[in-house]
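# Analysis of the macromolecular model
Here is what each chain is made of, one letter per residue.
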Amino acid sequence: MKVRLRNPDREVEVAGGRKVHQVLGELGINPDTVLVIRERELLTREERLDEADEIEIRPVISGGSGMKCRRCKAPAVVELRRHNAAFCHDCFVRHVREQVKRAIAAFQMFGPEDRVLVAVSGGKDSLALWDILLELGYRADGLYLGLGIGGYSSRSRDLARTFVEGRDTHLVEVDLAEEYGFDVPTAGRKGSRSTCAVCGLSKRYVFNRAAGDRGYDVVATGHNLDDEAATLLGNTLRWQTEYIARQFPVLPAEEGLVRKVKPLYRLSEHETAAYAFLRSIDYVVEECPLVAGNTQLRYKEAMNQLEAGSPGTKAQFFLNYLDRGAPLFATQDAAELHPCERCGQPTTGRFCAFCRAREQILGEQLEGPSTGDRPGEGPGDRELVESMSEEVLPEEIYRRVRG
Ligand code: AMP
Ligand code: ZN
């Protein structure tokens, strides 16, 4: 039988007449990291495959069985080993939305009157999140930031636009090159920061600014449980206590900073991918071409290995951190913020980290007499980074900041 594998795309022939998990085993694939699809249907691990079948194995990011739905006993389409449960289509969709409701309530992320701006990358998580919030009746618009990463960026943008069709919502589009004069690949070549570091800095900056300028109350991102667990692992391995302290599903609004929330923190990548698939949401399956070898991916792989042996490890690690760990790391960081002299966004220095990075990339000079901080290296970087970041910073920035 024919198996189509993605990322990179390739086809292999394997023997049919056996179960999904046996085929995955032969291919060395962890069932928790892929979706197995046959003719627009998701298959669980115990499903039998025929010699004549053609299946697609799509990363992330999962699998499922001859199993019955935990709620209604109909045939299950998605298996969640961590919950020791399986769900049919409708009950799974409901399960996902329940988890998001729970997250929103637990951290009082926003209410029905709030205007939410969902940062959408065109990937499964953020599009699923947007769909869930709309279905739950929230006032949610999308924000797509064009990063200029060739075909990857244009395909992502097209999918964000497609999502809006036929839905009662609005997509805000910002293009980094048009608005700020550089794109991410250029930044990677010209700046002293790594590509992923500038990209992360630009995203945080633009999300905050676009939301603030347009009167949104809150920015929601699609970070899921796998993202958060991987980030926490990275922070813990280096004992970056300030980042650990800030790794929270809500960052409250401050002067000039819009509230940031991560309503998917209770859902795995596998769950968000399955949700997007079951809701027929087209999303970019490919990874950002610049991300290869990124440390975050290695942490995810490590977590997946632990998860394969003991389902539930990721959730335990992150959710117990929120319950028991986070209070131990909480700090009262009351760095005073004031407007960047260039752009007006909050910073603790004269110029914000984004303006300084931009200056370096464009080879511009920031106006005004120098106050001693060399561009891009001032003490302001660290605080801005801390106040704006909802995740942890790539080591590159951290090292620079520490100097
Ligand atoms: P990433 O940093 O790529 O792991 O993405 C984390 C979250 O940031 C996604 O779930 C989205 O909410 C948001 N995001 C990433 N890239 C973009 C983009 N180009 N435009 C808007 N939001 C994005
Ligand atoms: Zn600035």
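In case you missed it, the structure is sitting above this.
Owing to the predicted nature of the structure, the values given are computational and were not obtained by experimental measurement. (Residues numbered from 1 in each chain as written. Chains lettered and ligands numbered in written order. Predicted model: local features only at pLDDT ≥ 70, side-chain atom pairs only at ≥ 80, totals over all residues. Heavy atoms only, no water.)

Turning our eyes to something else, we now look at the nonpolar core. Membership of the largest hydrophobic core comes to 59 residues, with the highest contact counts inside it found for Phe92, Phe110, Trp130 and Leu133. With 7 residues, helix α2 (residues 89-106) is the single largest residue contributor to this core. Apart from the residues within four sequence positions on either side, Phe110 is in contact with Ile104, Val116, Leu133, Tyr138, Val218, Arg259, Val261 and Pro263. Ranked by size, the runner-up nonpolar core spans 34 residues in total, among them Tyr205, Val206, Val219 and Phe354. (Core = buried A, V, L, I, M, F, W, Y, C linked by side-chain atoms within 4.5 Å. Buried < 20%, exposed > 50% of the residue type's maximum accessible area, 1.4 Å probe, protein only. Helix = DSSP H or I, 4+ residues; strand = E, 2+ residues; numbered from the N terminus. Contact = heavy atoms within 4.5 Å.)

What follows concerns the packing of helix α8 (residues 225-237) against helix α11 (residues 295-309). Interhelical geometry of α8 versus α11 gives an angle of 105° and a closest axis separation of 9 Å. With respect to their mutual orientation, α8 and α11 come out roughly perpendicular. Where α8 abuts α11, its residues Asp226, Asp227, Ala229, Ala230, Thr231, Leu233, Gly234 and Leu237 lie against Gln296, Tyr299, Lys300, Ala302, Met303 and Asn304. Its residues assigned to classes, the contact of α8 with α11 comprises 7 nonpolar, 4 polar and 3 charged. (Axes fitted to C-alpha atoms, helices over the stretch in contact; angles between N-to-C directions. Parallel < 35°, antiparallel > 145°, perpendicular 65-115°, else oblique. Nonpolar A, V, L, I, M, F, W, Y, C, P; charged D, E, K, R; others polar.)

Moving on, we come to the site of ligand 1. Neighbouring residues of ligand 1: 13 residues in total, closest Ala119, Val120, Leu145, Lys203 and Gly222. Contacts to ligand 1 include Ala119, whose backbone N or O atom sits 2.5 Å from an oxygen atom. Between an oxygen atom of ligand 1 and a main-chain N or O atom of Gly222, the distance comes to 2.9 Å. Summarising the interface, the protein chains cover 79% of the accessible area of ligand 1, which totals 480 Å² for the free molecule. Put simply, the parts of the chain that give the shell around ligand 1 at least two residues each are β11 (139-146) and α7 (195-213). When the residues that make up the shell around ligand 1 are grouped by side-chain class, the tally is 7 nonpolar, 5 polar and 1 charged. (Near = heavy atom within 4 Å. Polar contact = N/O pair within 3.5 Å; in protein donor to acceptor, adjacent residues only side chain to side chain. Areas by Shrake-Rupley, 256 points an atom, 1.4 Å probe, with all protein chains shown as cover.)

Another aspect to go through is the pattern of salt bridges. Should the charged atoms of two oppositely charged side chains come close, the side chains can pair. Per the counting criterion, the structure on display carries 23 salt bridges. In this structure, the salt-bridge partner of Arg45 is Glu79, at a minimum N-O distance of 3.0 Å. Accessibility classification places Arg45 together with Glu79 in one group, the buried group. The salt bridge involving Arg161 is made with Glu173; its shortest N-O contact spans 2.8 Å. (Salt bridge = Lys/Arg side-chain N within 4 Å of Asp/Glu carboxyl O.)

Below, the discussion takes up the environment of Asp158. Mapped onto the elements of the fold, Asp158 is located in helix α4 (residues 150-164). For Asp158 and Asp282, which are 124 residues apart along the polypeptide, the C-alpha to C-alpha distance reads 10.0 Å.

Let us look at unusual backbone geometry. Phi is positive for Glu39, which is not a glycine, with a value near 45°. As for its position among the elements, Glu39 is in the loop between β4 (34-38) and β5 (41-42). In the Ramachandran plot, Trp239 falls in the positive-phi region, its phi being about 45° despite a non-glycine side chain. With respect to the helices, strands and loops of the structure, Trp239 is situated in the loop between α8 and α9 (241-246). Judged by its relative accessible area of 54%, Trp239 is exposed.

A few words now on the sheet that holds β11. Here 6 strands make up an open sheet; going across it, the order is β12-β11-β10-β13-β15-β14 and the pairing mixed. Only two strands of the sheet have a single partner each, and these edge strands are β12 (171-175) and β14 (250-251). In this structure, strand β13 (residues 218-220) lies alongside strand β15 (residues 259-261), joined through 3 bridges in parallel fashion. Residue pairing in the sheet places Val219 in a bridge with Lys260 of β15. With respect to the sheet, α4 is in contact with β11 and β12, its orientation differing from that of β12 by roughly 165°. The strands that α7 touches are β10 (115-119), β11, β12, β13 and β15; relative to β11, the one it contacts most, it runs at about 135°. (Pairing = 2+ DSSP bridges.)

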